[in-house]
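# Topology and contacts: notes
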Amino acid sequence: DLARWVFPDDVEQPMVMKMDPNMMPIMMFGLTGEMGQEDLFKLAEDTIAPRLERLPGVASVDISGGREREIRIELDPAKLSAYGITFTQVAGALQGDNLALSGGTVSKGSQDYLVRITGEFVSPQEIGQVAVVTGTGAQVRIKDLGTVIDGQKEVTGFSRINGRDSIAFSIQKQTTGNTVRVSQAVNKALAELKDELPANIEFVPIMDTAEFIQFSIDNVVNNLILGSLLAALVLYIFLRNLRSTLVIAFSIPVSVIGTFILMYFSGMTLNMMSLGGLALGVGMMVDNSIVILENIYRHREEGFNRVEAAKLGARQVAMAVTASTLTTVAVFVPIAWVEGIASQIFRQLALTITFSLAASLLVALTLIPMISSQMMSVTVANDQSKRKSFYQKMFIVTGRWLDKLDNIYRKVLAWSLKHRRRVVLLVILTLVLSLGLTPFIGSEFIPSVDQGTISISVSLPYGTKLAETEKVIARLEEICVNIPEVEVISASVGSGGLGAGLGSSSGSDSGSLNLALKPLAERSRSTEQVADEIRTRAKEIAGAEISVSAGDTMGMTSMMGAPINVVLKGDSLEKLDELASQVKDIISSIEGTREVKSSLDEGRPEVEVTVNRQKAAYYGLNAAQIAGTVRGAVQGQVVTTYRTDGDEYDVRLALPKESVKNLQDLSSLSILSPMGYQVPLSEVADFIIVEGPNTIERINQVRTVNVTAQIIGRDLNSIVTELEGKLAGLSFPSGYEYEMGGSAEMMAESFADLGLALILAIILVYMVMASQFESLFHPFVIMFTMPVTVIGVVLGLFLSGNNFNVVAFIGVIMLAGIVVNNGIVLIDYINVLRNEGLKRTEAILKAGPTRLRPILMTTLTTVLGMLPLAIGVGEGGELSAPMGVVVIGGLTTSTLLTLIFVPVVYSIFDDWGARLSRKRIKAKNLEVKSLEG
């Protein structure tokens, strides 16, 4: 606002806004019908848009396409010259004769009346009656100076859907609005409007993000249910008891209900992240209940009654399950509260998992012992009194297998304790070999999601006429209509179309297509594969720059820009252009890059009309008079508005279009001087054809040029690494520099933030364990489960073909809290047995097999609960797949190695501690003896 006073009068209202995914349109649809484009536009503007804007959660409804009414006054240059009237005089007369003002108040008796002067036009014909005073004092009507035309605005762009002219609607929701609810309200309103509007009116959906969100949420819910069933199946196999399985299975819905209650009071919504957190947490929800129930079950097998088994079994492992839950919860605190876009994306996921674990701990400590004391029964394997059914025989067989597994594990554990050095070296060697695979794993910011939308942008040389651009768009429409996966084709040409993104410019030389594909289940190819086919076939169109991109991830592409974006900074545009050309060549030489562009690639052709002040003054003219005449002749000037029936229409003053068709006409344009002379424009001005920059950008008051590129076939990190290596060899003049922007910048910032979150998570986990064990030694031993987790993480990503990204990074942070749980349960029981009088090796050999089954059960339930997410099938499945792969891989290898490695490390550190204790005692005895001596 402080700077607006220095802007030219015709500069539009500046907008300052915070870039947010919520600013992106959530819906696009088209309106077609058997009526004129002006009537269609009026229907859209006066009836449909207001109805939609009144809906709760709708922020704005933008309309493009159609024809808008305009009152155009075409002045005859010959008549203006004959009467000695200038363009500016006519504009002033129209503005002065179309007013509605308040004139204060007058009194009549005891009442005051408001004085209102109404002098607005009541009809287009009345505009022609406006009088203009000549220099001699005579009055001339505007109708005698030209023609008043009640017509339409000049066509600068149009929209088309599936080959038919249309009006395009773009709907934005309020920041606090719910996308799905807003979409449902809009669709309901459109259905009601359909019944009220003429029968030939049709609404054609172009894009609805709510559909993808709903599909994704449904997919997550299905994964949640499937994961719960798989977890229950694991419990049934291990416990071999239907009642015990039902006890655990009952804890899942109770924990879910508790989670929803906490989410509600936290103001959270059901979305891909929150439900994704619930799906990830469903496998961990039963971990606490499994440990407690298994311990209760073991006490029942030992002969305790239900109540005593429930009390003793729950009390014995209460501290262990509380510690394991707190360590898992601790890792999500940094994710929820660190800064950066990654935290904004995954905060609800972290909070949901935290809530689910808190609810599951409460259920495990209270509900599980209570239900177990009432309904737990024990399967008697050696019962010969009754005839056994098939299921009883099967459970006896599985019980024998589990017993054999216990014996095998006990033997392997005993061997490992005797060959501790070999075990440690083997684990270190495996870790090193797995790290050798990291160069084969790519890195990216966030995985791409198949949303079933494709955007095609078309740019022709600046100044290309609208008709030529339309021909290119029509050829692209022909290409797309023959692709079986394409369902809706929305095309826009020129300004005002849906292709004009937020903050972007458009004109007659640009256009765009938005394609809606069939649902994922109804097509065999991905969105990216369809986009590649269009990209290949579009190469046949010469003279146009065509960019094809698949629908972005959760609106993030619109926020981040191109994956590769080198921002060049300096003062001189010429020097920046030179550097940009060199950077373009470097990027183009890197395998996997495409569509390399510079923001200074092509300047906009301009005709500079430079006023010769001395000559202009000789004829009594100034720059403002010359500029007003030129502007009126070339594009006309909106001088006032015409109001009727609550609507406003522009009144444009212009010269006939044929008066200035080319540069020669412009140079010979006559300007009436105050002295009555007709002066050619070429007499008082010089003409220079130049190429002006299309855009001028600054960052912190320094001019910048962006060199951008898309990527294909390679991961982002490998391309950026190669690019930075080559840019390091480029010589930059003093005062000029570069930095990486776009997805690469986002990736670097997010990895740094999440790296800090991982460090904080590890520290918090150690602190929680130290407080629970009241020891610094035992938590340190358990922390050795973390390095071996890397083996599974690397192998999981390598074998699945997933890249490492922020989603996978979240999985790594989750593992920091999950993998220590098995170690906590194992070490805690070893300490219990040692406190009961067993020696260290005996305690380890007894605790290991005893805790083997609950450890395997908790691991399998977590792994199988996340398996549907890791597979990544269905709408939006690609987003959570890397996280599921990382957790499954890390937890699997960590569990297998923890069962052997942690007891070995425990014994090693216990020996070291004993030696240090003996040395201290020996040193103390020597000190005592010396003092006595």
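Residues numbered from 1 in each chain as written. Predicted model: local features only at pLDDT ≥ 70, side-chain atom pairs only at ≥ 80, totals over all residues. Heavy atoms only, no water.

Moving on: the pattern of salt bridges. Side-chain pairing between opposite charges can occur once the charged atoms of the two side chains come close. Under the criterion given, the structure shown has 30 salt bridges. For lysine 471, the salt bridge goes to glutamate 468, with nearest N and O atoms at 3.5 Å. Of the two residues, lysine 471 and glutamate 468 both sit in helix H14 (residues 466-481), three residues apart, roughly one turn of that helix. Look at lysine 471 and you get partly exposed, because its relative accessible area is 48%. Here arginine 594 and aspartate 532 are joined by a salt bridge, their closest N and O atoms 3.6 Å apart. (Salt bridge = Lys/Arg side-chain N within 4 Å of Asp/Glu carboxyl O. Helix = DSSP H or I, 4+ residues; strand = E, 2+ residues; numbered from the N terminus. Buried < 20%, exposed > 50% of the residue type's maximum accessible area, 1.4 Å probe, protein only.)

As a further point, take a nonpolar patch on the surface. On the surface, a cluster of nonpolar side chains totalling about 460 Å² of accessible area is made up of Leu756, Ile759, Leu760, Ile763 and Met767. With respect to the secondary-structure elements, leucine 756 resides in helix H23 (residues 742-773). (Patch = residues over 30% accessible without salt bridge, like charges linked within 9 Å, V, L, I, M, F, W, Y side chains within 5 Å. Areas by Shrake-Rupley, 256 points an atom, 1.4 Å probe, with all protein chains shown as cover.)

Among the seven residues of strand S3 (residues 69-75), seven are classified as buried, and the element is accordingly described as predominantly covered. Where burial is concerned, the two faces of S3 agree: the one with Arg69, Ile71, Ile73 and Leu75 and the one with Glu70, Arg72 and Glu74 are both buried. Note that S3 and strand S8 (residues 146-152) share seven bridges and pair antiparallel. Residue arginine 69 lies in a different strand from S8, and its bridge partner there is glutamine 152. Where S3 meets strand S20 (residues 647-654), four bridges bridge the pair, whose relative direction is parallel. (Pairing = 2+ DSSP bridges.)

Right, let's get into the environment of asparagine 222. Relative to the assigned elements, asparagine 222 resides in helix H7 (residues 209-239). Each C-alpha atom, one on asparagine 222 and one on leucine 869, is 9.9 Å from the other, the two residues being 647 residues apart in sequence.

Our next topic: the nonpolar core. Formed by 141 residues in total, the largest nonpolar core has its most connected members in Phe346, Ile564, Val566, Ile587, Leu723, Ile813 and Met814. With 16 residues, the top contributor of residues to this core is helix H29 (residues 877-932). Membership of the second largest hydrophobic core comes to 37 residues, among which are Ala91, Ile127, Tyr642 and Leu666. (Core = buried A, V, L, I, M, F, W, Y, C linked by side-chain atoms within 4.5 Å.)

Turning next to the packing of aromatic side chains. Enumeration according to the criterion identifies 16 aromatic pairs in this entry. Ring centres of tyrosine 264 and phenylalanine 265 lie 5.2 Å apart, and the angle between their planes is 80°; this geometry places the pair in the edge-to-face category. What makes phenylalanine 265 exposed here is its relative accessible area of 68%. Geometrically, the ring pair formed by tyrosine 618 and tyrosine 619 is edge-to-face, given 5.2 Å between the ring centres and 85° between the ring planes. Of the residues examined, tyrosine 618 reaches a relative accessible area of 62% and is grouped as exposed. (Phe/Tyr/Trp six-rings, centres within 6.5 Å; stacked < 30°, edge-to-face > 60°.)

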